[in-house]
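# Observations on the three-dimensional arrangement
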Amino acid sequence: MTNLRSFRSPSFLYPNGAFLKTNTVELAIHITNSETEFKKQLKEQGINAVVRRNESGRIYGIMFIDHESRSVWNASQLDRNLSANRFND
């Protein structure tokens, strides 16, 4: 069985055969300047981003909902580059 955590590709394969295009998320990070723009860019691609914050407003988690593949994943499960710490910088 393939270790999905180490799977490095433009798309992340889910156990049910669906995938989330991590390159779509990475591109949205690079071409947007705010959380609102980031979410809007992803929404245009059929992906919702849910940002979780602590009481002081620091991001501690991001969840992506891919409506096309009907899959939900935490950003840190997809790629270390998508962890919440990246968004707090």
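These numbers were taken from a predicted model, which means no experiment stands behind them.

## A word on the environment of Leu 27
- One can find Leu 27 in helix H1 (residues 22-31).
- For the pair Leu 27 and Phe 38, spaced 11 residues apart in sequence, the C-alpha to C-alpha distance is 9.5 Å.

## Looking at the pattern of salt bridges
- Within this structure, the stated rule accounts for two salt bridges.
- As a salt-bridge pair, Lys 39 and Glu 35 come within 3.2 Å of each other at their nearest N and O atoms. Taken together, the positions of Lys 39 and Glu 35, both in helix H2 (residues 35-44) and four residues apart, correspond to about one turn of that helix.
- A residue is classified by how much of its surface remains accessible, and Glu 35, at 29% relative accessible area, is partly exposed.
- The shortest N-O distance in the salt bridge between Glu 35 and Arg 53 comes to 2.0 Å. Of this pair, Glu 35 sits in helix H2 while Arg 53 sits in strand S3 (residues 47-53), placing them 18 residues apart in sequence.
- What makes Arg 53 partly exposed here is its relative accessible area of 38%.
- Here the salt bridges do not stand alone but share partners, grouping Glu 35, Lys 39 and Arg 53 into one network.

## A few points about the pairing of strand S5 (residues 71-74)
- Side chains Ser 71 and Trp 73 project from S5 onto a buried face, and the interleaved Val 72 and Asn 74 project onto a face without burial.
- Pairing geometry for strand S4 (residues 59-66) and S5, over four bridges, is antiparallel. Opposite Met 63, over in S5, you have Asn 74 as the bridge partner.
- Here S4 hands over to S5 after four residues, with Arg 70 in that stretch at a positive phi of 55 degrees.

## Structural notes on the nonpolar core
- Val 25, Phe 38, Leu 42, Ile 62, Phe 64 and Leu 82 are the most contacted members of the largest nonpolar core, which has 16 residues in total.
- Those elements that provide at least two residues to this core are H1, H2, S3, S4 and helix H3 (75-78).
- Excluding its chain neighbours within four sequence positions, the residues that come into contact with Ile 62 are Val 50, Val 51, Arg 52, Trp 73, Asn 74, Ala 75 and Phe 87.

## Observations concerning the environment of Ser 34
- Along the polypeptide, Ser 34 turns up in the loop between H1 and H2.
- Judged by relative accessible area, which is 31%, Ser 34 ranks as partly exposed.
- For the pair Ser 34 and Phe 87, spaced 53 residues apart in sequence, the C-alpha separation works out to 10.0 Å.

## Brief notes about the side chain of Asp 66
- Tracing the backbone through its elements, the reader meets Asp 66 in strand S4.
- Of the residues examined, Asp 66 reaches a relative accessible area of 7% and is grouped as buried.
- Here the side chain of Asp 66 touches Glu 68 through a polar contact of 3.1 Å, landing on its backbone nitrogen.

The rules behind these values
- Residues numbered from 1 in each chain as written.
- Predicted model: local features only at pLDDT ≥ 70, side-chain atom pairs only at ≥ 80, totals over all residues.
- Heavy atoms only, no water.
- Helix = DSSP H or I, 4+ residues; strand = E, 2+ residues; numbered from the N terminus.
- Salt bridge = Lys/Arg side-chain N within 4 Å of Asp/Glu carboxyl O.
- Buried < 20%, exposed > 50% of the residue type's maximum accessible area, 1.4 Å probe, protein only.
- Pairing = 2+ DSSP bridges.
- Core = buried A, V, L, I, M, F, W, Y, C linked by side-chain atoms within 4.5 Å.
- Contact = heavy atoms within 4.5 Å.
- Polar contact = N/O pair within 3.5 Å; in protein donor to acceptor, adjacent residues only side chain to side chain.

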